[in-house]
Amino acid sequence: MSTETMKTEFKVKDYKSDLKPVWCPGCGDFGVVSALYRAMVKLQIEPWNTVILSGIGCSSRLPGYVDTYGFNGVHGRALPLATGVKVARPELTVIAVGGDGDGLAIGGNHLIHTARRNLDITYILMDNEIYGLTKGQAAPTTPTGNKTKSTYWGNPEPSVDPCELALSTGATWVGRGFSGDMKGLVELVTQAISHNGFSFLNVMSPCITWLGDGQFKEMKEKLTYLPEDHDPTRRANALKYTRETDVLTAGVLYEVQTPTLVEQLDRMKEVSMDGKPAPSTKEILEGFFPDL
Ligand SMILES: Cc1ncc(C[n+]2csc(CCOP(=O)(O)OP(=O)(O)O)c2C)c(N)n1
Ligand code: SF4
């Protein structure tokens, strides 16, 4: 990150790292990173106050392509890493990213607990309904009946709607977008990052290599938007736009404001200290080991 960048207004080029994406030409994830650059420009996000974290998968390579702090962790662990960063450094903008396998299979448990804690983290789930990196096996979002490398006769399992899961476990902002809809996606990423609390953005992001161009075409045909009179403050309204099969409804499904975990901890600290100054480390140690 050059010091020159610090003086000027941020442009897309200031958020691009020197790494060239190794995604397959036509991969939907290009649309996601482009939308993220543009959202960062809109919000004029300071790269040195931003951390992007991921697990493992094609989509989890994204932190390497953005010139902020970043961490490419182990499979399924983007959210625990993001939680640690946010609790230790609440002033930073923390963004977690990854695929549907990473976030809903091996990492599914972490989505539940990060959502219910309402940490101020943005989580962008790049949903291609498959395990891309490991060559096209079925994932939790693979539609029932779909043929994949691991479901030759069709997927026998019911699939997960990621937005429904996030809604029911406590996310305070839930949105759905499509990587082929740049205008809509930039707006959604901007809103997700601006939200104070856990924001969950499910981005339908096709995998051209294992599902061909049919998946992109189908998503584009199904794309529709929430009606103008949609009230996002009611969970029941948002749930109407989950488990969809014939359409893909994009927009902010749900948005409420409740205290974040860090705000709760700050309040608790005030109550427990009862106006007294915090004890020094020496005093704490003496409490445990009086003979020290
Ligand atoms: C503990 C562990 N188990 C399994 C794997 C193998 N693995 C790597 S990525 C991946 C799934 C990738 O799919 P997804 O998260 O949907 O991301 P995509 O590649 O589709 O973007 C799997 C199973 C691993 N790296 N680590
Ligand atoms: S395998 Fe699929 S998800 Fe992975 S980079 Fe290629 S198109 Fe994208």
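Scope of this entry: the structure provided in the associated data block. (Residues numbered from 1 in each chain as written. Chains lettered and ligands numbered in written order. Predicted model: local features only at pLDDT ≥ 70, side-chain atom pairs only at ≥ 80, totals over all residues. Heavy atoms only, no water.)

Comments concerning the packing of helix 4 (residues 78-88) against helix 6 (residues 108-117)
The description of two helices packed together rests on the angle between their axes and the distance between the axes.
Piece 1. Between helix 4 and helix 6, whose axes approach to 8 Å, the crossing angle comes to 35 degrees. Of the residues in helix 6, those in contact with Leu 79, Pro 80 and Thr 83 of helix 4 are His 110, Leu 111 and Thr 114.
Piece 2. Broken down by class, the residue content of the contact of helix 4 with helix 6 amounts to 3 nonpolar, 3 polar and no charged. (Axes fitted to C-alpha atoms, helices over the stretch in contact; angles between N-to-C directions. Helix = DSSP H or I, 4+ residues; strand = E, 2+ residues; numbered from the N terminus. Contact = heavy atoms within 4.5 Å. Nonpolar A, V, L, I, M, F, W, Y, C, P; charged D, E, K, R; others polar.)

Some remarks on the environment of Thr 258
Piece 1. As for its position among the elements, Thr 258 is in the loop between strand 8 (248-255) and helix 12 (261-273).
Piece 2. Sequence spacing of Thr 258 and Glu 164 is 94 residues, and the spatial spacing of their C-alpha atoms is 19 Å.
Piece 3. Not counting the four nearest positions on each side in its chain, Thr 258 is found in contact with Asn 118, Thr 172 and Glu 263.

Structural notes on the site of ligand 2
Piece 1. Neighbouring ligand 2 are Trp 23, Cys 24, Cys 27, Cys 58, Asn 128, Gly 132, Cys 207, Ile 208, Thr 209 and Trp 210.
Piece 2. The residue inventory of the shell around ligand 2, partitioned by class, reads 7 nonpolar, 3 polar and no charged. (Near = heavy atom within 4 Å.)

Considering the pattern of salt bridges
Piece 1. Per the stated rule, a full pass over the model turns up 10 salt bridges.
Piece 2. Between Arg 89 and Glu 91 there is a salt bridge; the shortest N-O distance is 2.5 Å.
Piece 3. Among the residues examined, Arg 89 registers a relative accessible area of 42% and is labelled partly exposed.
Piece 4. For Lys 217, the salt bridge identified is with Asp 213, shortest N-O distance 3.6 Å.
Piece 5. Assessed through its relative accessible area of 47%, Lys 217 is described here as partly exposed.
Piece 6. What makes Asp 213 partly exposed here is its relative accessible area of 44%.
Piece 7. Each of Asp 161, Arg 176 and Glu 244 takes part in one network of salt bridges that share partners. (Salt bridge = Lys/Arg side-chain N within 4 Å of Asp/Glu carboxyl O. Buried < 20%, exposed > 50% of the residue type's maximum accessible area, 1.4 Å probe, protein only.)

Topic: the site of ligand 1
Piece 1. Lining the immediate surroundings of ligand 1 are 16 residues, of which Cys 58, Ser 59, Gly 101, Asp 102 and Gly 132 lie closest.
Piece 2. Within the contact set of ligand 1, an oxygen atom lies 2.8 Å away from a backbone nitrogen or oxygen of Cys 58.
Piece 3. Ser 59 places a polar side-chain atom, nitrogen or oxygen, 2.7 Å from an oxygen atom of ligand 1.
Piece 4. Relative to its unbound accessible area of 590 Å², ligand 1 is 72% covered by the protein chains. (Polar contact = N/O pair within 3.5 Å; in protein donor to acceptor, adjacent residues only side chain to side chain. Areas by Shrake-Rupley, 256 points an atom, 1.4 Å probe, with all protein chains shown as cover.)

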